[in-house]
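What follows is the residue order along each chain.
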Amino acid sequence: VKITAYGVRELEEPYFQRLNTNGFELTYVRELLTHENVGAAADADAVLVRGNCVVDRQNLQQFANWGIKAVFTRSVGYNHMDLQAAADLGITLARVPGYSPYAVAELAFTLGMTMFRHVNLGITQTQQANFIVNDALFSKEIHTATVGIVGAGRIGLTEGKLYQGLGAHVLGYDPYPSAAAEAALDLVELPQLLAQSDIVSIHVPYFPGKNDDLVDADFIKQMKPGAVLINTARGELVNVSAVLAGLDSGQISGYGADVIRDEVAILGQAFASAADLPSAEVQRLLAAYPRVLITPHVGSYTEPALEDMIRISYQNFQDFFATGHTTNEIK
Ligand code: COI
């Protein structure tokens, strides 16, 4: 079986090779899938992508023309895939429903603690040779604080447990909580979580057209004054204008994000300066440093997560080519 895998960094290739116990014939493409490089899959039997690859109707039509029946993503999120187009073209989509939840949870936790203890402000000052200890650096301690996890799936729950390890009181909001979340977290309604939490961390899937701007002015108004907001899920879930207004008014004290809106145009590229970025929104976020911290979508970029993504993707292909189905299909 020939698989063209998009967005495979050099570092990832040895993992792809070592875990390939199925004898798949891999073609690696360094770049994410675009309209320009779709041809790299012309003689493939299947395609493997990751988040931010362009799996729209145009590319799916190309794949269908070449007889490709399986286009799988090694991400949890699948907002980059056109489900309707795939169904129309008879292409099966599948994903990796979960990889090491510590990957994203640890990053969200680290961003949260960095801003909670004002490390972002302190480092920025000392880098400017400013050693004044001003009121902005005065902090609570996390074991006396409350953390709110919005979306208590595997990642949110894992982050909640990290905070519990430090003694924090952890609230969770989830419309469909798992038994594990019910057992571990103090589950409450969203308004209560927002009113009480010193750190709010977002871990909900993004459904285009359904929960865009979940975090809007009203959400931020309901947050505890001075709280920190963390988003390691998807940029589209957060209205940046509302966040920046919340920072300006002091309603929130920090925004840490591993994700930005429309990442496809920005991720994986180095621009000469912020002025060259193709997004005014991201320019505004960067200008708000150090109250806004942005990382380049690296939550899942860890050894265990990478291994899980590749292993489960191979299993998806194995199942699909053996039976015509995988348990991880997206419909
Ligand atoms: C996901 O798995 O949903 C991610 O956000 C990972 C990313 C590399 C697309």
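Details of the structure are given in the entry above.
Now for a quick tour of the structure. (Residues numbered from 1 in each chain as written. Predicted model: local features only at pLDDT ≥ 70, side-chain atom pairs only at ≥ 80, totals over all residues. Heavy atoms only, no water.)

### A closer look at the sheet that holds strand β2 (residues 25-29)
Thinking step 1. The strand order across the open sheet formed by six strands is β2-β1-β3-β4-β5-β13, and the pairing between neighbours is mixed. The sheet terminates laterally at β2 and β13 (329-330), the two strands that pair on one side only.
Thinking step 2. One ladder, built from four bridges, connects strand β3 (residues 46-49) with strand β4 (residues 70-73); its direction is parallel. Residue pairing for β4: A46 is matched across the bridge by A70.
Thinking step 3. Helix-sheet contacts for helix α12 (residues 303-323) involve β1 (2-6), β2, β3, β4 and β5 (92-94), and the interaxial angle to β4 is about 160°. (Pairing = 2+ DSSP bridges. Helix = DSSP H or I, 4+ residues; strand = E, 2+ residues; numbered from the N terminus. Contact = heavy atoms within 4.5 Å. Axes fitted to C-alpha atoms, helices over the stretch in contact; angles between N-to-C directions.)

### A closer look at the layout of surface pockets
Thinking step 1. Its boundaries defined by the atoms lining it, the second largest pocket holds a volume of some 590 Å³.
Thinking step 2. The wall of the second largest pocket is formed by 28 residues, among which I266, L267, G268, Q269 and P296 lie closest to the centre.
Thinking step 3. When grouped by side-chain class, the residues that make up the lining of the second largest pocket number 15 nonpolar, seven polar and six charged.
Thinking step 4. Split by domain, the lining of the second largest pocket shows at least three residues from each of two domains, domain 1 (2-99 + 302-330) and domain 2 (102-294). (1 Å grid on protein atoms, 1.4 Å probe; cavity = no way out; pocket = protein on both sides within 12 Å on 5 of 7 lines; lining within 4 Å. Points joined across faces, edges and corners; volume = space filled by probe spheres on them. Nonpolar A, V, L, I, M, F, W, Y, C, P; charged D, E, K, R; others polar. Domains from an automatic or database assignment.)

### Some points on the environment of G167
Thinking step 1. By the secondary structure assignment, G167 is in the loop between α6 (154-165) and β7 (169-173).
Thinking step 2. Separated by 32 residues in sequence, G167 and D135 place their C-alpha atoms 25 Å apart.
Thinking step 3. Beyond its immediate sequence surroundings of up to four residues, G167 is in contact with I142 and H143.

### As for the packing of helix α10 (residues 240-249) against helix α11 (residues 280-287)
Thinking step 1. Two elements in contact, α10 and α11, have axes whose closest approach is 10 Å; the angle formed by their N-to-C orientations is 20°. By the angle between their axes, α10 is roughly parallel relative to α11. Of the two possible hands of crossing, α10 and α11 adopt the one that is left-handed. On α11, the residues that touch V240, S241 and L244 of α10 are E281, R284 and L285.
Thinking step 2. Considered class by class, the residues forming the contact of α10 with α11 number three nonpolar, one polar and two charged. (Parallel < 35°, antiparallel > 145°, perpendicular 65-115°, else oblique. Left-handed = near helix turned anticlockwise from the far one by under 90°.)

### So, the site of the ligand
Thinking step 1. Taken together, the residues surrounding the ligand are G51, S75, V76, G77, Y99, R234, H297 and S300.
Thinking step 2. Taking G77, its main chain carries an N or O atom lying 2.7 Å from an oxygen atom of the ligand.
Thinking step 3. A distance of 2.8 Å is found between an oxygen atom of the ligand and a side-chain nitrogen or oxygen belonging to R234.
Thinking step 4. Surface burial for the ligand is 89%, taken as the share of its 280 Å² of free accessible area covered by protein chains. (Near = heavy atom within 4 Å. Polar contact = N/O pair within 3.5 Å; in protein donor to acceptor, adjacent residues only side chain to side chain. Areas by Shrake-Rupley, 256 points an atom, 1.4 Å probe, with all protein chains shown as cover.)

### Brief notes about the pairing of β1
Thinking step 1. In terms of burial, β1 is a largely internal element, four of the five residues being buried.
Thinking step 2. Relative to β2, β1 runs parallel, the two being bridged by five bridges. Bridge pairing in β2 places A5 opposite Y28.
Thinking step 3. Both β1 and β3 contribute to a ladder of three bridges, which runs parallel. Opposite A5, over in β3, you have L48 as the bridge partner. (Buried < 20%, exposed > 50% of the residue type's maximum accessible area, 1.4 Å probe, protein only.)

### Focus on the packing of helix α4 (residues 102-116) against α6
Thinking step 1. The contact between α4 and α6 brings their axes to 8 Å, and the two run at 50°. As judged from the angle between their axes, α4 and α6 are oblique. With respect to the hand of their crossing, α4 and α6 are arranged in right-handed fashion. For the pair formed by α4 and α6, the contact residues are Y102, V104, A105, E106, A108, F109, G112 and M113 on the first element and I155, T158, E159, L162 and Y163 on the second.

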